[in-house]
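Analysis of the macromolecular model
Next come the chains, spelled out residue by residue.
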Amino acid sequence: MNKCLPILAVLLLALSSCDGLFEYHPNQIILDSDEKNLTAYNLQKIRQQQPGDTLKLIVMGDTQRFYDDAQDFVKKANGFQDIDFVVHQGDISDFGMTQEFKWIHDIMEDLKWPYFTVIGNHDMLANARKVYKKMYGDFNYSFVYGHTKFVFIDTNSREYSFNGKVPDLGWLRGQLQQEPGATWKQAITISHIPPYDGDFDKKLELPFHQTLKESNLVSLSLYGHIHRWLSEYPYDNHILYHATTTVKERGFSYIRIWEGGYDIKRIAF
């Protein structure tokens, strides 16, 4: 009998019991139980909150490999009072590896408040679509909080080879229809890539805007991706398209929302 076999068996048993300590392959997905279904988990948390007349959000963007900056963001954000929730505008990861998502979540879970994400184009590289799905949930989702409906939608058209299906305008249109008895009065859309960007399907740019405009419910649409600040009305005077810079540029948006209005402050850290 080969004397090395018992030793090898012990080593394999030890390694298999480490529950994700080792990542053997960049496409491997090993998540702890508290790293799964985070969107649903945070939705449960905000359902226990009582929204006021004025909602207070912190919106940040593009963490990628900027771990020190992300930690500094959390420290600065935690200095604010009465925040309802935080929004991560996508590009959680840089290369789409599981460990990148885990590192960012380790940082973000130190926030005092729930946080929600939208998927970015870097979050679709390699095996990242599966990672995002397991860790957070659906690419397109929405929820009502107080007087406002928040609609998170995948706009990473290039990652689908501009197939004419992303963003999903049919789904979006359905989310912006009020059913009888609806308690929400307005909607805010949240995406990674803005419609005027080259990574957004050009054929869907104006239809996307028209979908928002024709709902008569959207006056603010939020984005990341471009790694700089940009607030403008690129199509008409109906909807402000606001892009929040990356954490690497040491800034985030503090947004107050009330029925029929909002204001945005750019915060440095």
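Each value, and the rule that gives it
- Residues numbered from 1 in each chain as written.
- Predicted model: local features only at pLDDT ≥ 70, side-chain atom pairs only at ≥ 80, totals over all residues.
- Heavy atoms only, no water.
- Pairing = 2+ DSSP bridges.
- Helix = DSSP H or I, 4+ residues; strand = E, 2+ residues; numbered from the N terminus.
- Axes fitted to C-alpha atoms, helices over the stretch in contact; angles between N-to-C directions.
- 1 Å grid on protein atoms, 1.4 Å probe; cavity = no way out; pocket = protein on both sides within 12 Å on 5 of 7 lines; lining within 4 Å.
- Points joined across faces, edges and corners; volume = space filled by probe spheres on them.
- Nonpolar A, V, L, I, M, F, W, Y, C, P; charged D, E, K, R; others polar.
- Contact = heavy atoms within 4.5 Å.
- Patch = residues over 30% accessible without salt bridge, like charges linked within 9 Å, V, L, I, M, F, W, Y side chains within 5 Å.
- Areas by Shrake-Rupley, 256 points an atom, 1.4 Å probe, with all protein chains shown as cover.
- Salt bridge = Lys/Arg side-chain N within 4 Å of Asp/Glu carboxyl O.
- Lys, Arg positive; Asp, Glu negative; His and termini not counted.
- Charge placed at Lys NZ, Arg CZ, Asp CG, Glu CD.
- Buried < 20%, exposed > 50% of the residue type's maximum accessible area, 1.4 Å probe, protein only.
- Arc of directions from axis to C-beta.
- Core = buried A, V, L, I, M, F, W, Y, C linked by side-chain atoms within 4.5 Å.

Comments concerning the sheet that holds strand S6 (residues 186-190)
Read from one edge of the open sheet, six strands run S4-S5-S6-S7-S9-S8, paired in mixed fashion. Across the chains shown, the open sheet's two edge strands, defined by having one partner strand only, are strand S4 (141-145) and strand S8 (230-232). Across the sheet, the axes of successive neighbouring strands diverge by a mean angle of 15°, strand direction being ignored. Where strand S5 (residues 148-152) meets S6, five bridges bridge the pair, whose relative direction is parallel. Bridge assignment links Val151 to a residue of S6, and that residue is Thr189.

Comments concerning empty space enclosed by the protein
Take a probe with the size of a water molecule and roll it over the atoms, and the empty space left behind shows itself. Evaluated as defined, the whole model comprises one cavity of 30 Å³ or more. Estimates place the volume of the largest cavity at around 50 Å³. Gln186, Ala187, Ile188, Leu217, Ser219, Leu220, Ile257, Gly260, Gly261 and Tyr262 are the residues that line the largest cavity. The greatest single-element share of the lining of the largest cavity, amounting to three residues, is contributed by S6. A breakdown of the residues in the lining of the largest cavity according to their chemical character gives six nonpolar, four polar and no charged.

A look at the layout of surface pockets
Approximately 200 Å³ is the volume attributed to the largest pocket. Looking at the largest pocket, it is lined by 14 residues, and the ones nearest its centre are Tyr41, Asn42, Lys45, His105 and Glu109. If you tally residues by element for the lining of the largest pocket, the top one is helix H2 (residues 38-47), at four residues. Grouping the constituent residues of the lining of the largest pocket by class yields six nonpolar, three polar and five charged.

Overview of the environment of Val118
Tracing the sequence through the fold places Val118 in the loop between strand S3 (115-117) and helix H5 (128-135). For the pair Val118 and Ile92, spaced 26 residues apart in sequence, the C-alpha separation works out to 8.9 Å. When sequence neighbours within four positions are dropped, the list of residues in contact with Val118 reads His88, Gln89, Gly90, Asp123, Tyr132, Phe152, Ile153, Ile190, Ser191 and His192.

Considerations on a negative patch on the surface
Taken together, the side chains of Asp34, Asp106, Glu109 and Asp110 define an acidic patch exposed on the protein surface. Looking at the secondary structure, you find Asp106 in helix H4 (residues 98-108). Here Asp106 falls in the partly exposed class, since its relative accessible area comes to 36%.

What to know about helix H7 (residues 202-215)
Listed as buried for H7 are Leu204, Glu205, Phe208, His209, Thr211, Leu212 and Ser215. Along the axis of H7, the buried positions cluster into a sector of 155°, meaning they face one direction only. For H7, the exposed residues set more than 90 degrees away from the buried face come down to Lys203, Leu206 and Glu214. Each element contacted by the buried residues of H7 is listed here: helix H6 (169-175), S6, strand S7 (218-223) and strand S9 (240-243).

Describing the nonpolar core
In this structure, Ile58, Phe73, Val86 and Met108 are the most contacted members of the largest nonpolar core, which totals 35 residues. Residue contacts for Phe73: discarding those within four places in its chain leaves Ile58, Met60, Val86, Met108, Leu111, Val247, Phe252 and Phe269. Leu57, Tyr145, Phe152 and Ile255 belong to the second-largest nonpolar core, a separate cluster that totals 21 residues.

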